[in-house]
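Summary of structural features
Here's the letter readout for the chains.
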Amino acid sequence: MRAAVRSIRQIKAAFRHECSRYFSNIDKRRKLSVYSGIGLAQIPVYSKDCGSYVVSSLLAYRGLSVDAAKVSRNEGLNRAGPLIEYERRIAAGELADGDLCQVGTLRELQRLYDELVVSANACRLDRYAASEKSGRSRWLWSRFMPQTSYSPVRGLYLYGGVGTGKTMLMDLFFDQLPCNWRKKRIHFHDFMLSVHSRLQKHKGVPDPLEVVAGEISDEAILLCLDEFMVTDVADALILNRLFRYLFSNGVVLVATSNRAPDNLYEGGLQRDLFLPFISTLKERCTVHEIGSSVDYRKKTSAKQGFYFVGTDSSDLFKEKFQELIGNSIPIQQEVEVVMGRTLKVPLGANGCAYFLFEELCDRPLGAADYFGLCKNFHTLALEGVPIFGLHNRTAAYRFVTLVDVMYENKARLLCTAEGSPYQIFERIVTISDAQQMAPRTSSRSRKNDDFDLCVDNELGFAKDRTISRLTEMNSKEFLENHAAMISEKQTLEVKQSSRVKAVHG
């Protein structure tokens, strides 16, 4: 028996050696063909500025200011990437000229883009050249041939204040990537919902998390996660193992967040079990702070919109809802949200859904329910958003999640509230904010204000993002873009309906 085991080990070792030599030779030949195709002037060289190997023709560009880049662009060199596209959009008047913090972040994204282009073969980014083994097949194969394949390229973790353009910069980067790459851009909420759904599917497998990681890395080697924020203990407990598997499968992570890695899941339950993930994240990603203090969302025109303040605005709110649904008659509906679950909609018509605030945020609903709602309705009418404090902290968390999901899905919000976006979150503060607050001298003012003060770090950080997003969603630009999107969709549906009638007529 021992002799048989020894023989199997020798065969496995020999097989590994031959595989390693074979793939190493292939990779060398591929790199030679890549370098010969781009010419000697573009062979990767080491940049002290970036601390990594990049295409030499792009080194000069990285050291330039935005204005200097405008001159160098006319040299006729064939460049691509987020920094170049950003400069083109500014020159075309599609974007306002950003601050130095945004330009610094774009340099980091351009550096990553350059490294990925040079190492595309080593990273196995080409979907047509990738392995066709499914996640479960990969898991079975790994029982016999355990192996890791970390990417030669480190990812990027971008964090900064609200409205600093993180999502815009992420989209700019993602849109420049070759269409044949295995890539995925997804909101963190949606990503974790998908993970939990896959875990349910693979129940009974000894390590379903490894299978799920295999499936994800088969679909996308470059994973772009927007709004990385951990508040759920179930997510926190699986993230370390999930991402260890993903990184060992060669996944490159690009993430945006309002929080620095060390501040993720701060004050959360069993956070000591989450801490190893932070170390893993910093090991596999370059961490970059966007230091801008400008909130670009608040620079939109938010003079008039769909956000009505005060209890006396109920009639105006209902008139606006009736205007949106047109001649359609609103009726009670039931929509499927996730994994067979359904959500009752009190009134719905013409892509618009009406809810009282309590029906959406005072019930045990979460991101999955809100995602399902946005898939069925492009407009949400929400009546009675309250002032948030200690007494309704859980509802505040749900409202933050609801706004996140709506913003990500470009949904339109019509609502009445007891105060402006800033006022409804005024009683939500972080620990440091609470420590800096001056003590009240009057017992009456302490009773009215401090009694309902909610000191919550996660919610205190999240409120800034929510205020910023509510402001943008109420802006003229956002509402005009939403109306254009709905009009385009309706025109397309009419054309499709005409074609069907023509075929059957």
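All residue numbers here refer to positions counted from 1 along the written sequence of the relevant chain. Note on the predicted model: pLDDT of at least 70 is required for a residue's local features to be given, and 80 or more for side-chain atom pairs to be given and counted; whole-chain, interface and lining totals, by contrast, use all residues. Side-chain metrics rest on all non-hydrogen atoms present in the structure, leaving aside hydrogens and water.

Before going further, it helps to spend a moment on the overall build of the chain. The helix and strand inventory of the chain stands at 20 helices and 15 strands. Burial classification: accessible surface area is computed with a 1.4 Å probe over protein chains only, and a residue below 20% of its type maximum counts as buried, one above 50% as exposed, and the rest as partly exposed. Here the chain, with 505 residues, has 47% of them falling under the buried criterion. In these tables, accessible area is a Shrake-Rupley quantity obtained with a 1.4 Å probe, and a residue counts as shielded only by the protein chains included in the view. Counting every atom, the chain has about 26,200 Å² of accessible surface; 53% of that belongs to carbon and sulfur. Secondary structure counts use DSSP, requiring at least four H or I residues in a row for a helix and at least two E residues in a row for a strand, with both numbered from the N terminus.

Another point: the sheet that holds strand E5 (residues 222–226). Adjacent strands of a sheet pair through backbone hydrogen bonds, lying either parallel or antiparallel. In this scheme, strands are said to pair when DSSP sees at least two bridges between them. Strand order in this open sheet of five strands is E4-E5-E6-E3-E7, and the pairing throughout is parallel. Only two strands of the sheet have a single partner each, and these edge strands are strand E4 (183–187) and strand E7 (285–290). With direction set aside, neighbouring strand axes in the sheet form an average angle of 10°. In this structure, strand E3 (residues 155–160) lies alongside E7, joined through six bridges in parallel fashion. If you follow Tyr 159 over to E7, its bridge partner there is Glu 289. Residue contacts follow a heavy-atom distance rule, with two residues in contact if any of their heavy atoms lie within 4.5 Å. With axes taken as lines fitted to C-alpha atoms, and helix axes fitted only over the stretch in contact, angles between N-to-C directions fall between 0 and 180 degrees. Against the sheet, helix H8 (residues 188–201) contacts E4 and E5, and its axis sits at roughly 105° relative to E4.

For the pair helix H4 (residues 82–91) and helix H7 (residues 166–175), interaxial distance at closest approach is 8 Å and the crossing angle is 110°. Comparing the axis directions of H4 and H7 gives the class roughly perpendicular. Seen along the crossing, H4 lies across H7 with a hand that is right-handed. Counting all contacts with H4, which are made through Pro 82, Glu 85, Tyr 86 and Arg 89, the residues of H7 involved are Leu 172, Phe 173 and Asp 175. Amino acid classes used here: Ala, Val, Leu, Ile, Met, Phe, Trp, Tyr, Cys and Pro are nonpolar; Asp, Glu, Lys and Arg are charged; the rest, including Gly, are polar. The residue inventory of the contact of H4 with H7, partitioned by class, reads four nonpolar, no polar and three charged. In what follows, roughly perpendicular refers to angles from 65 to 115 degrees, roughly parallel to angles under 35, roughly antiparallel to angles over 145, and oblique to any angle outside these ranges. The crossing is said to be left-handed when, going from far helix to near helix, the turn is anticlockwise and less than a right angle, and right-handed when the turn is clockwise.

Let's shift gears to the packing of helix H5 (residues 100–118) against H7. Viewed as axis vectors pointing N to C, H5 and H7 meet at an angle of 25°, and their least axial separation amounts to 11 Å. When the interaxial angle is binned, H5 and H7 end up roughly parallel. Of the two elements, H5 crosses H7, and the hand of that crossing is right-handed. Here H5 contributes Gln 102, Thr 105, Leu 106, Leu 109, Leu 112, Tyr 113 and Leu 116 to the contact with H7, which in turn contributes Met 168, Leu 169, Leu 172 and Phe 173. Considering only residue class, the contact of H5 with H7 consists of nine nonpolar, two polar and no charged.

As a further point, take the nonpolar core. Among buried residues, the Ala, Val, Leu, Ile, Met, Phe, Trp, Tyr and Cys ones that are joined through side-chain atoms within 4.5 Å form a nonpolar core. Leu 360, Leu 382, Phe 399 and Ile 424 are the most contacted members of the largest nonpolar core, which has 58 residues in total. If one sorts the elements of this core by residue count, helix H15 (residues 393–408) sits on top with nine residues. Residues Met 192, Phe 228, Ile 238 and Phe 274 belong to the second largest nonpolar core, which totals 35 residues.

The six strands are arranged E8-E13-E12-E11-E10-E9 in an open sheet whose pairing can be described as mixed. For this open sheet the edge positions go to strand E8 (307–309) and strand E9 (331–336), each flanked by a neighbour on one side alone. Within the sheet, the average angular offset between the axes of one strand and its neighbour, ignoring direction, is 30°. Two elements, strand E10 (residues 342–349) and strand E11 (residues 352–356), share three bridges in a ladder whose sense is antiparallel. Looking across to E11, one finds that Ala 349 is bridged to Cys 352. The strands touched by H15 within the sheet are strand E12 (379–385) and strand E13 (412–417), with E12 carrying the most contacts at an inclination of about 160°.

On to the environment of Met 437. Topologically, Met 437 is positioned in the loop between helix H17 (431–436) and helix H18 (443–449). Excluding residues within four positions of it along the chain, Met 437 makes contact with Val 429 and Leu 453.

Turning to the side chain of Ser 217, a few remarks are in order. Along the chain, Ser 217 turns up in helix H9 (residues 208–219). Given a relative accessible area of 1%, Ser 217 falls into the buried group.

Each salt bridge in this description consists of a side-chain nitrogen of Lys or Arg and a carboxyl oxygen of Asp or Glu lying within 4 Å of one another. If you walk through the whole model with that rule in mind, you get 22 salt bridges. Measuring nitrogen to oxygen at the nearest pair gives 3.1 Å for the salt bridge that ties Glu 108 to Arg 111. Residue Glu 108 and its partner Arg 111 are both found in helix H5; the two are separated by three residues, about one turn of the helix. Take Glu 108: its relative accessible area is 22%, and that puts it in the partly exposed class. Among the ionic pairs, Glu 458 bridges to Arg 259, the shortest N-O distance being 3.0 Å.

This paragraph deals with the environment of Ala 462. Its location among the elements puts Ala 462 in helix H19 (residues 457–473). Spatially, the C-alpha atom of Ala 462 lies 9.5 Å from that of Arg 259, the residues being 203 residues apart in sequence. Ignoring anything within four residues of it in the chain, the contact list for Ala 462 reads Met 229 and Val 400.

Here the focus is unusual backbone geometry. Positive phi, close to 60°, is recorded for Glu 227, a residue that is not glycine. Looking at the element boundaries, Glu 227 is found in the loop between E5 and helix H10 (233–248). Not every positive phi belongs to a glycine, and Lys 410 is a case in point at roughly 55°. Position of Lys 410 relative to the elements: it lies in the loop between H15 and E13.

Within the fold, Leu 112 resides in helix H5. Residue classification places Leu 112 among the buried residues on the basis of a relative accessible area of 0%. With 41 residues separating them along the chain, Leu 112 and Val 153 place their C-alpha atoms 7.9 Å apart. Apart from residues no more than four positions distant in its own chain, Leu 112 is found in contact with Val 153, Arg 154, Leu 156, Phe 173 and Val 254.

What counts as a ring pair is set by centres within 6.5 Å for rings of Phe, Tyr and Trp (its six-membered ring), and what kind of pair is set by the plane angle: stacked under 30 degrees, edge-to-face over 60, tilted for all other angles. The tally for this structure, following the rule as stated, stands at 17 aromatic pairs. Each ring, one from Phe 191 and one from Phe 243, has its centre 6.2 Å from the other, and the planes form 50°; the classification is tilted. Of this pair, Phe 191 sits in helix H8 while Phe 243 sits in helix H10, placing them 52 residues apart in sequence. On the numbers, 5.4 Å between centres and 45° between planes, the contact of Phe 274 with Phe 277 is tilted. Like Phe 277, Phe 274 is buried. Linked through ring pairs, Tyr 157, Tyr 159, Phe 188, Phe 191, Phe 228, Phe 243, Phe 247, Tyr 265, Phe 274 and Phe 277 together constitute an aromatic cluster. Remark: a charge is flagged as sitting over a ring if the NZ atom of Lys or the CZ atom of Arg is within 6 Å of the ring centre and within 35 degrees of the ring normal. A cation sits over an aromatic face here: Lys 183 above Phe 174, 4.9 Å from the ring centre.

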